[in-house]
Amino acid sequence: MLSKLRHVLTALATIVLVSAPALAEDDITKIARVETDTITFKDVQIPFPADMLDGWGTDGEGMASVDITAKLMVYTLWSEPVVYCTATWGFNKAQTDNTLVTNIRGHAGNLPREAVDKIVLYDVKLNFFTSLTDNIWVTCDPGYFSKSDDPKLAFTMPESPDWGELFQDNGYDMGDRAERARSHYRELLKSGKISASLPHSVQTAQIDLHGVRKWLAEQDLKVVQQEQQQSAERSAERAAAATRAHNDDKPLNSSPENIDAYLGYMFESAYRDHRVGEVQARVNAYIPANRTLMAKADYLHKRIGQCMTFAIPSSHEEAPNSLVGYRDCLPSPLDALVMYSVGEDDDYRCGYKNKDGKVVLEAQYKSCYDELKGIGVVKRFEGTREETGSTIGLCSGKCSGGASTRYTMLVDVVKWVVINAKGEVLVHEDDTEPVFGFQATYFRLRDGNLVVTRRDEDTYQELIYDNRLKLRLKLPEGWEYKGYSEDLILIKSREEVEDGYSSAYEYGYVGWDGKFAFDPMPAKEANLFENGKAWIVDPDGTGFIYDKKGHIVE
């Protein structure tokens, strides 16, 4: 059905920007703000399969109409963009091309509150245009919606896109997306408003009417059960009249009219019984689980569990304060911690201090990376376990060979985990799927990024996450992360390649867009770029200096 989507989910709306301070990148503690007044997207058209509402098993299509009221906020927290939108909605009507059900309307129409509350709006994405000339917009997901006409805002969390992902456009300008985004954001802060004539739109929206279908079937069941009862009462009256006639020894009226009436009662009774069974089947019809909605709720609850300082606003007006409070959930560049250690050998422990030398995380870990900036990777103690073994010593008396002695000892159980500056565990090596979507083989910190390895029988792939645990890049399968400098990631193939009489590995340089700066090449060694140049050693041992276009310069 979705392939038949032919309707533009667009509604014009009035939007006014609240004045905001200039974007001061030299002071990362300042908060730059662009936020809109509430906007109403009127009469948003959402297609749905007809049998979702009718329950007649048809292949037809229906169309629902809703209104969505939303507010967009684009702030900079620690000089990085954060997008947050709040929304409420109201159901207007829905109708199908099935003549058995014409249309339903909201609680002001022919649906009571109990029925309207069963309607679910989900998978909504809103496009807020910021420039008509350049055709630029911000896409925002308002999250998990409450009931229709409920003033309670949709449940969602702010998103933290990279600058290059903040604004969407038609892609005609092939310049640096991050710098273009910063420049456009500065212009928004300077102008303080967006034209009211811009075509802000609903990019996607879905509606679930299964609950209303069940409610309608329940109402139909009440009607047919009443008709069945009335038919049964008429049949009972006919049977009672026959009994009285029999008891009074009076012949029944067997005229053709009475016989036709009797057959009519019999037919009606059978028909009513059939109708009740048919409608009862509609009431009991299977309602598929809305897995999209379940996944959304699970994702949001996990995120808010990791950000206890974020308060869900109760109104559009309170949303800006909540967004400012979200900053405490983001890694601060001011919070970089440095590893320190105590003890040696089995007594070795490590922890972290701040730049002033104050202990922030006590020396409680078995192993630590040198720096914790937003996130850190440490090996944590998780108790002890018994380990048994045996030793072989010299014999005393009559014996052959050596004497075996069994022993039991306690050994430490340690696990690799990702922590934040508060020491809270964000990722555990035994259960990485809730964060990454798969069970990672291992993970490590490199150049301020978290490099995660996914490995199974057929696949080896490394993925790069930032210090907010947001996926930045999937490396090509079969390649390893070797380092990062000057916006290029050095990667190396896991398998050797033949190059004439020599064997070597392939090396390449990849940008954050996933594209190679130039074709990978077999080499014995390759270094990171420095001042636009990198040293690469050919398989025969000859070294050359290359520029970022793959040309030999020295």
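All of these numbers come straight from a predicted model, not from anything done at the bench. (Residues numbered from 1 in each chain as written. Predicted model: local features only at pLDDT ≥ 70, side-chain atom pairs only at ≥ 80, totals over all residues. Heavy atoms only, no water.)

K.L.:
I'd like a rundown of the overall build of the chain, residues and numbers included.
P.N.:
Scanning the chain from N- to C-terminus turns up nine helices and 26 strands. Scored against the burial criterion, the 554 residues of the chain give a buried share of 40%. Looking at the chain alone, contacts between residues at least 24 apart form 55% of all its contacts between residues at least 6 apart. Carbon and sulfur atoms make up 49% of the accessible area of the chain, which totals about 30100 Å². (Helix = DSSP H or I, 4+ residues; strand = E, 2+ residues; numbered from the N terminus. Buried < 20%, exposed > 50% of the residue type's maximum accessible area, 1.4 Å probe, protein only. Contact = heavy atoms within 4.5 Å. Areas by Shrake-Rupley, 256 points an atom, 1.4 Å probe, with all protein chains shown as cover.)

K.L.:
How would you explain the packing of aromatic side chains if you had to name every residue and give the values?
P.N.:
Per the stated rule, a full pass over the model turns up twelve aromatic pairs. Ring geometry for Trp-163 versus Tyr-185: centroids 5.7 Å apart, planes at 65 degrees, classification edge-to-face. Here Trp-163, found in helix H3 (residues 163-166), pairs with Tyr-185, found in helix H4 (residues 177-191); they are 22 residues apart in sequence, far enough to count as distant. Accessibility classification places Trp-163 together with Tyr-185 in one group, the buried group. Three or more aromatic residues link up through ring pairs in this structure, and these residues are Tyr-84, Phe-310 and Tyr-326. (Phe/Tyr/Trp six-rings, centres within 6.5 Å; stacked < 30°, edge-to-face > 60°.)

K.L.:
Mind laying out the nonpolar core, listing which residues take part and the relevant values?
P.N.:
Judged by nonpolar contacts, the single largest core of 49 residues is most densely connected at Phe-41, Ile-68, Phe-91, Leu-111, Ile-207 and Leu-209. Residues Tyr-75, Trp-78, Tyr-84 and Leu-323 belong to the second largest nonpolar core, which totals 17 residues. (Core = buried A, V, L, I, M, F, W, Y, C linked by side-chain atoms within 4.5 Å.)

K.L.:
So, helix H7 (residues 291-305): which residues are in play, and what are the values?
P.N.:
For H7, built from 15 residues, the straight-helix expectation of 21 Å at 1.5 Å per residue is met to within 8% by its first-to-last C-alpha distance of 21 Å. Buried within H7 are the following residues: Leu-293, Ala-297, Leu-300, Arg-303 and Ile-304. Each buried residue of H7 sits inside an arc of 135 degrees when the element is viewed along its axis, so together they form one side. Considering only its buried residues, H7 is in contact with strand S6 (120-131). (Expected span 1.5 Å × (residues − 1). Arc of directions from axis to C-beta.)

K.L.:
Residues and numbers for the pairing of strand S3 (residues 61-77), please.
P.N.:
Counted residue by residue, S3 has 16 buried out of 17 residues, so it is predominantly covered. Bridge count for strand S1 (residues 32-35) against S3 is four bridges, and the pairing is antiparallel. Across the sheet, Val-34 pairs through a bridge with Val-74, a residue of S3. Here strand S2 (residues 39-49) runs beside S3; their pairing, made up of nine bridges, is antiparallel. For Phe-48, the partnering residue across the bridge sits in S3 and is Gly-62. Taken together, the 16 bridges between S3 and strand S4 (residues 80-96) define a ladder with antiparallel strand orientation. By the bridge assignment for S4, Asp-67 is matched with Gly-90. Connecting S3 to the antiparallel partner S4 that follows it, the hairpin turn spans two residues, and Trp-78 within it adopts a positive phi of roughly 55 degrees. (Pairing = 2+ DSSP bridges.)

K.L.:
Please set out the state of the cysteines residue by residue, giving values where relevant.
P.N.:
Taken as a whole, this structure holds three disulfides when the rule is applied. Between the sulfur atoms of Cys-307 and its disulfide mate Cys-329 the distance is 1.6 Å. The S-S bond linking Cys-307 to Cys-329 shows a torsion near 80 degrees; that makes this disulfide right-handed. Taken together, the residues Cys-307 in the loop between H7 and helix H8 (319-325) and Cys-329 in the loop between H8 and strand S9 (337-342) connect sequence positions 22 residues apart. By relative accessible area, which is 4% here, Cys-307 ends up buried. Two residues, Cys-350 and Cys-368, share a disulfide whose sulfurs are 2.1 Å apart. Taking the sign of the S-S torsion, 90 degrees for the link of Cys-350 and Cys-368, the bridge is right-handed. Taken as a pair, Cys-350 in strand S10 (residues 349-353) and Cys-368 in strand S11 (residues 359-368) lie far apart in primary sequence, 18 residues in all. (Disulfide = S-S within 2.5 Å.)

K.L.:
Give me H4: which residues, what numbers.
P.N.:
End to end, H4 covers 21 Å across 15 residues, agreeing with the expected 21 Å (1.5 Å per residue, within 8%). The complete set of buried residues in H4 reads Ala-181, His-184, Tyr-185, Leu-188 and Leu-189. Seen end-on, H4 carries its buried residues on one side only, within an arc spanning 145 degrees. In the core, the buried residues of H4 are packed alongside S1, S3, S6, strand S7 (136-140) and H3.

K.L.:
Kindly report on the sheet that holds strand S24 (residues 525-526), identifying the contributing residues and their values.
P.N.:
Strands belonging to one sheet form pairs held by backbone hydrogen bonds; the direction of such a pair is parallel or antiparallel. Taken together, three strands build an open sheet; the order of strands is S24-S25-S26 and the sheet is antiparallel. Unpaired on one side and paired on the other, S24 and strand S26 (543-546) mark the two borders of the sheet. Examined bridge by bridge, strand S25 (residues 534-537) and S26 share four bridges and lie antiparallel to one another. Bridge pairing links Trp-535 to Ile-545 in S26.

K.L.:
If you had to explain a negative patch on the surface to someone new, which residues and values would you point to?
P.N.:
A cluster of acidic residues, Glu-344, Asp-345, Asp-346, Asp-347 and Asp-412, forms a negative patch on the protein surface. You can see Asp-347 is positioned in the loop between S9 and S10. (Patch = residues over 30% accessible without salt bridge, like charges linked within 9 Å, V, L, I, M, F, W, Y side chains within 5 Å. Salt bridge = Lys/Arg side-chain N within 4 Å of Asp/Glu carboxyl O. Lys, Arg positive; Asp, Glu negative; His and termini not counted. Charge placed at Lys NZ, Arg CZ, Asp CG, Glu CD.)

K.L.:
Would you mind going over the pattern of salt bridges in detail, with residue names and values included?
P.N.:
One pass over the structure, following the stated rule, counts 20 salt bridges. Between Arg-468 and Asp-162 there is a salt bridge, with the nearest N and O atoms lying 3.4 Å from each other. Of this pair, Arg-468 sits in the loop between strand S18 (460-465) and strand S19 (471-474) while Asp-162 sits in the loop between S7 and H3; the two residues are 306 residues apart in sequence, bridging distant segments of the chain. By relative accessible area, Arg-468 is classed as partly exposed at 24%. A relative accessible area of 17% means that Asp-162 is categorised as buried. Among the ionic pairs, Lys-415 bridges to Asp-430, the shortest N-O distance being 3.3 Å.

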